[in-house]
Amino acid sequence: MRRVFRRKDYQYLTKKQFWLLYFVRLIYKIIPNQLGRASLAAVRAYVEIISKQVDLILSRVKINYIWLFSGCLILTLLLAAKGIPAVANQSTSAESNRIGQQLSNPSELLQQGKNYYQAGQYAEAAKVWENALKSYQEQKEVFSQVQVLNYLALAYKDIGRTQQAQNAIAESLKLVKQVNKLDTKSNLLLAQALNTQGTLQLLQGQTENAIDTWKEAAATYNRTGDKTGKLISQINQAQGLQVLGQYRRAKTLLEELVAESQNQPDSLLKAQGLRSLGVALQTIGDLRQSKTILEKSWEISKQFNSPADVSAVLFSIGNVAKDLQEYEVAWTYYQEAVNLSPEPQAKLEAQLNQLSLLVKLQRWEPAQALIPEIEINLAQLAPSRPAIYARINLAESLMVLEQAREGKKADFKTNAPKIAQLLATAIQKAREIKDPRAEAYSLQQLGKLYQRNAQLTDAKTLTQQALNIAQEINATDLEARAAGQAGAIAKQQGDIENAIAAYQIAFNDLQSLRSDLVAINSNVQFDFKESIEPIYRDYVSLLLQTDSQSHLKQARQVMEALQLAELDNFFRDACVDTYPVALEQIDVQAGVIYPIILSDRLEVILSVPNQPLRHYSTQLSQQQVEATLKQLYSSLSPGYPRDQRFRLSQQVYNWLVAPAVETLQKSNVKTLVFVPDGILRNLPMGALYDGKQYLIENYNIALSPGLQLFPQGLQRQKLSVLAAGLTEARQGFNSLPGVTEEIQEVTAEIDAKVLLDQKFTGKNFKIALESQAFPIVHLATHGQFSSNPEETFLLTWSDRISIADFDRLFQKRRLGIIEPIELLVMSACQTAAGDNRATLGLAGFALRSGAKSTIASLWSVSDESTSNLMKEFYYQLSQSKLSKAEALRQAQLKIMANPLYKHPYFWASFILVGNWL
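Below or above, wherever it landed, is the structure these notes cover. Keep in mind it's a predicted model, so treat the numbers as computed, not measured.

## Regarding the overall build of the protein
Consideration 1: Counting its regular elements, the protein contains 39 helices and 13 strands.
Consideration 2: Looking at the protein as a whole, 58% of its 917 residues are labelled buried.
Consideration 3: Within the protein, counting contacts between residues at least 6 apart in sequence, those at least 24 apart form 70% of the total.
Consideration 4: Here the protein has roughly 37,400 Å² of accessible surface; of this, 48% comes from carbon and sulfur atoms.

## Notes on the side chain of S909
Consideration 1: When you line up the elements, S909 lands in the loop between α39 (904-907) and β13 (910-914).
Consideration 2: For S909, the side chain forms a polar contact with the main-chain nitrogen of L858, separated by 3.0 Å.
Consideration 3: Looking at S909, its side chain comes within polar contact range of the main-chain oxygen of W859, at 3.0 Å.
Consideration 4: With residues up to four places along the chain from it excluded, the contact list for S909 reads A856, S857, L858, W859, V861 and P904.

## Some details on helix α21 (residues 436-452)
Consideration 1: Under the 1.5 Å per step criterion, the end-to-end length of α21 is 24 Å for 17 residues, consistent within 8% with the ideal 24 Å.
Consideration 2: Of all the 17 residues making up α21, 16 are buried; the element is thus mostly covered by neighbouring parts of the structure.
Consideration 3: Residue D435 occupies the N-cap position of α21, its side-chain oxygen lying 3.3 Å from the main-chain nitrogen of R437.
Consideration 4: In the segment just after α21, A454 is the residue with positive phi, at about 65°.

## Some thoughts on the packing of helix α15 (residues 307-323) against helix α16 (residues 327-340)
Consideration 1: Across the interface, α15 lies against α16 with an axial gap of 8 Å and an inter-helix angle of 165°. When the interaxial angle is binned, α15 and α16 end up roughly antiparallel. For the crossing formed where α15 meets α16, the hand is left-handed. In this structure, α15 uses P307, V310, S311, L314, F315, I317, G318, N319, A321 and K322 to contact α16, whose residues at the interface are Y327, V329, A330, Y333, Y334, E336, A337 and L340.
Consideration 2: The residue inventory of the contact of α15 with α16, partitioned by class, reads 13 nonpolar, 3 polar and 2 charged.

## Section: the nonpolar core
Consideration 1: Formed by 183 residues in total, the largest nonpolar core has its most connected members in L656, V657, L672, F765 and L779.
Consideration 2: In terms of residues, this core owes the most to one element, helix α19 (residues 385-406), which gives 12 residues.
Consideration 3: When near neighbours in sequence (up to four residues on either side) are disregarded, L779 contacts A724, F760, F765, L794, F806, L824, V825, M826 and S827.
Consideration 4: In terms of nonpolar packing, the next biggest core, distinct from the first, is built from 35 residues, A123, A126, V148 and A193 among them.

## Things to note about the packing of aromatic side chains
Consideration 1: Counted by the stated rule, this structure contains 20 aromatic pairs.
Consideration 2: With centroids separated by 5.0 Å and ring planes inclined at 75°, the aromatic side chains of Y389 and Y441 adopt a geometry described as edge-to-face. You can see Y389 sitting in helix α19 and its partner Y441 sitting in helix α21, a full 52 residues away along the chain.
Consideration 3: Each member of the aromatic cluster is reached from another via a ring pair, and the members are Y633, W859, Y901, Y905 and F906.
Consideration 4: Over the ring of F646 we find R645, and its NZ or CZ is 4.9 Å from the ring centre.
Consideration 5: The side chain of R730 reaches across the aromatic face of W797, ending 3.8 Å from its centre.

## Section: the pattern of salt bridges
Consideration 1: What the rule picks out here adds up to 26 salt bridges.
Consideration 2: Across the salt bridge formed by E130 and R161, the nearest N and O atoms sit 3.6 Å from each other. Here R161 lies in the loop between α7 (142-158) and α8 (162-177) and E130 lies in helix α6 (residues 122-139), a separation of 31 residues in the sequence.
Consideration 3: Since its relative accessible area comes to 25%, E130 is described here as partly exposed.
Consideration 4: The residue R601 makes a salt bridge to D600 at a minimum N-O spacing of 3.1 Å.
Consideration 5: Beyond isolated ion pairs, a larger network of salt bridges with shared partners links K157, D158, R385 and D435.

## Looking at the packing of α16 against helix α17 (residues 344-360)
Consideration 1: Running from amino to carboxyl end, α16 crosses α17 at an angle of 155°, the nearest separation of the two axes being 8 Å. Relative to α17, α16 is oriented roughly antiparallel. Pair α16 / α17 crosses with left-handed handedness. Here Y327, A330, W331, Y334, Q335, A337, V338 and N339 of α16 come into contact with α17, specifically with K347, A350, Q351, N353, Q354, L357, L358 and K360.
Consideration 2: Looking at the contact of α16 with α17 residue by residue, the classes come out as 9 nonpolar, 5 polar and 2 charged.

## A look at the pairing of strand β6 (residues 720-725)
Consideration 1: The buried fraction of β6 amounts to 6 of the 6 residues, a majority that puts the element mostly inside the structure.
Consideration 2: Sheet topology note: the β6/strand β7 (residues 751-756) ladder contains 6 bridges and is parallel. Within β7, the residue paired with A724 across the bridge is L755.
Consideration 3: After leaving β6, the chain enters helix α32 (residues 738-749) and then returns to the sheet as β7, a path that is right-handed.
Consideration 4: The sheet contact formed by β6 and strand β8 (residues 776-785) spans 5 bridges and is parallel. Its bridge partner being in β8, L722 is matched across the sheet by V777.

Scoring rules and cut-offs
Residues numbered from 1 in each chain as written. Predicted model: local features only at pLDDT ≥ 70, side-chain atom pairs only at ≥ 80, totals over all residues. Heavy atoms only, no water. Helix = DSSP H or I, 4+ residues; strand = E, 2+ residues; numbered from the N terminus. Buried < 20%, exposed > 50% of the residue type's maximum accessible area, 1.4 Å probe, protein only. Contact = heavy atoms within 4.5 Å. Areas by Shrake-Rupley, 256 points an atom, 1.4 Å probe, with all protein chains shown as cover. Polar contact = N/O pair within 3.5 Å; in protein donor to acceptor, adjacent residues only side chain to side chain. Expected span 1.5 Å × (residues − 1). Axes fitted to C-alpha atoms, helices over the stretch in contact; angles between N-to-C directions. Parallel < 35°, antiparallel > 145°, perpendicular 65-115°, else oblique. Left-handed = near helix turned anticlockwise from the far one by under 90°. Nonpolar A, V, L, I, M, F, W, Y, C, P; charged D, E, K, R; others polar. Core = buried A, V, L, I, M, F, W, Y, C linked by side-chain atoms within 4.5 Å. Phe/Tyr/Trp six-rings, centres within 6.5 Å; stacked < 30°, edge-to-face > 60°. Lys NZ or Arg CZ within 6 Å of the ring centre and 35° of its normal. Salt bridge = Lys/Arg side-chain N within 4 Å of Asp/Glu carboxyl O. Pairing = 2+ DSSP bridges. Right-handed = clockwise from strand over helix to strand, strands pointing away.

By themselves these figures say nothing about function.
As C-alpha cells, this is what we get:
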C-alpha cells in the first residue's frame, strides 16, 4: 500500500524542512529518468532552487488566500508538425546544448527543435535550430536554410526577440527568391515564409501589410495545389481584417471559405483546416456556424482514425458550447477530449477547462476531486509556456475553491500552500526557459495573489517587474493587465497620484487594443466583467475624487469608452463606428446626464452646453443603489402600491436630476439625454417623479450609449414607412390583435408599405428593405432584448430575426448603397427578465440597422394604449418640426391624460435611443 506523505507524520520538522523534504520526494517521483537517483549534484541544484522558492513562500505568503481572477491564457501559433508528440520530462538549457553537441545530422536537429517548439520550449527550440542553421550553411543547402529560418523566426517571435525574428524571415525570403526557377518545394517554402512574415507584420502593427503578405502566401499555396495552406493564409487574412475593424469583410471571407471547403476531398489536413476555420468563426461570434464546421472536422478526423485530431476538435466544440452557456454539453466534450487525447498537454487543457466549469457552477466537491488528476498530467510536462500557463490556470481555479472554503460554502482541506507553490514555480520555470512573456504573466499573477492577501509591498514589486518586462517586449495586452493592477495597488496604498497614472496607462492600452480584444481567439480574450470593466470603473472613481475639469473630462471620456467596450463585448467585434462630437454641435438646448454606479457610491456627471462640467454623488454602496433600482422597476407594474412607487421614483430622481435642476433651468435645457450605466439602462427615465410631476412632463427624454454614436438628426424629407407585424399567435407567442389597428393608424399618417402576418417573413422583409429607401421601419411584433445576442430576437411569421440577421438585412443601407434609415420603431418588445444589461440587445438592433434613432418598448403594453401612442407619435412627427424626442413626449403626455392609462406602465415603456433631434 502506497504511503501518503502527511504533515503530521513529520511534526519534528520546521516548516521549511518539511516542504524541502516534500519537494525532494516530488523531484524523485517526477524526474527519475532525467536525473537518476545517483545524480546528487542535479538533486542538490534542484533543492537549492526549491529552497529559495520555499523561503519566498513562507516569508511572504499568508494562509488566508482569496480568489485570484482568471486571466486569459496567452496562446501562440504552433508549428504544424504532423505526428510530433509533446515532449515531457526534459531539462532545458543543458539538455538542448547536449543535444546540439550529440546530433551531428542537421535534420535531426531540425526535428528536435520542432519537438521543443511543440512543447512550448521556444528558447530551447531556437538554440537547436541555430545549430541546425549553421550546419546547413556549411553544407550550402539553401532550401534547408530557408526552412529553418522560417522556424527560427517563429521561435524568436515567441521569446520576444522581434528584431531577430524579422532578420530571420527577411533572410529566408531573400534566399528563396534568389532561386532561378521555383518548383513546388521552393514555392511551399516561400508560402510558409510569407505566412510567418505576415504574422510578424501584424505583431508590429503593420496590419495592412500583413494582409497583403497573406494574400501573396495564399496565391503561392494555390500555385502548388496546397489548399490547406491556402485556407490557413486566408484565415490569417480574416484575422487581419478583424484587427482593422473590418469585421463584415472578415465574416464574408470566412463564409466564402466555408463554402469552398465543402469541395475539398476529405483528409486530415482538411480536418485541421476546418478546425482552424471553426475557431475563427467562433471569434467573430458566429457560434452556430462554428459548431457546424467543427463537427464536420470531427467527422473527417474520425474517418482517418486520428485520436489527436479528434481530441483537438472535441476540445474546440466544448469551447463553443461553453460560449453558448451549454455547460453540461461543454463538460461532455471536454471529457471525451481527455479520454481520446494521446498527449498530456491536450488532456491537461481539457481538464483545466472542466475544472473552470465546475468552479463557475459552484460544484465544489467534484472540482476538488478533479485536482489530483490535473496535477498528475501537469507533473508530466517539461518547462514550457503552456505548462507555465497551466500552473497559473490551476492556481486561479484553486483560488475560487479557497474563497468558497473560507466563506463556508464548501468544506475541504485548504489549497493555500499549493496555490503559492504553483505561482512561484511558474516564475522560476519561465526564467529557466528564458520566456519573458510567460515570466511577465506569472509575475503579474503572483503580484495579484499578494495584493489580494493585503501584502501590498511585495505585490507592488512583482507587478512593477511584470510591467517592466511587458513594456520591454512591447506586449500591450500584458502591459494593460499589469498597469491596471499597479493602479489598484497604489489606490489601496493611498497613493492616488500614481494610481491615476497607472490607470491612464492601462486605459490607453485597452483603447489601442480595442480591435484586438475581440479579434483574437476567445481563449486569449480579456474577460470583460472581470478584467476590463473594473479598470474603467476604478479609474473613474479616482478621477471623480476632485472637481478638476481635466479629471471630469477624462472621466466622461472613460465612461463613453466603457459604453463602447460593452457593445464590443456584446457584438464580439469592434465595428461600432464613432464620431467624436461636442454637445454644442448637436443641440444647444440639451443636457447630458452620465450616472455612474461605483462600488461605494453613485456618481453623476452633468454636461450642459457652454458650461463647465460638474458632478455630484450619493454615498451608497453599489448593492444599495441596485436594490433600489430593481424595486423601482418592479413598482412600475400596475399592481404595485402607488405611494411606494412614488417614493422610489422620487428617491432616484433626487439622486440623478434634483441637484442639476437649477443649472438646467438657467441654461434653458429642453431635452435630457441620459447615458445610463448598468441596471439604469432598463429604467424609463421619464417616469422619475419630483414630488409633483413626472420628468417627462418637463423635459424631452432620450437615452444614448454615447453621444459619439448618434450625432445626426432626422432629415426632413418626405417620410415613408415600412411597417411589418404579427397579429396571430406564432411560435408559442400570444396573438397581438391590436397590431392591425396600430399599423392602420401608422399608415394613415405616413406613406407606407405593409407586411402583415403571412407576408411578414425574413425573405419578404429583406426584399422590401432593398426595394425602396424607407426613412422609417416600424416593427409591431414580439421580440426580446437580452445581454446575450443568442437570446435577442424579433419574431416573424415563420422564423426569428437575430442580431446577426439584422446586420445582413441592413447591410446595403449601412454601406450607403441604399439610403440608411432614420428611425427604427419596435413596439411590442420586452427586456429579458432578470437581465440587468438587457438593453444592450436593444442598442444592438439599433446599431446593426444603422438607424440614427430607435424607439422601443421595455415591456409589452396594452394593445390599445400602444396603438393610440403610436398614432399620436406619427401625427406629431409628420405634422410639425418637432424633434423625435418631443414627438414621443407629446404622444406620452396624451396617453397619460387618459384616466385609463395614467399609470406609467402604459406610457413609460417606450424609450428613444440614439439621436433625439
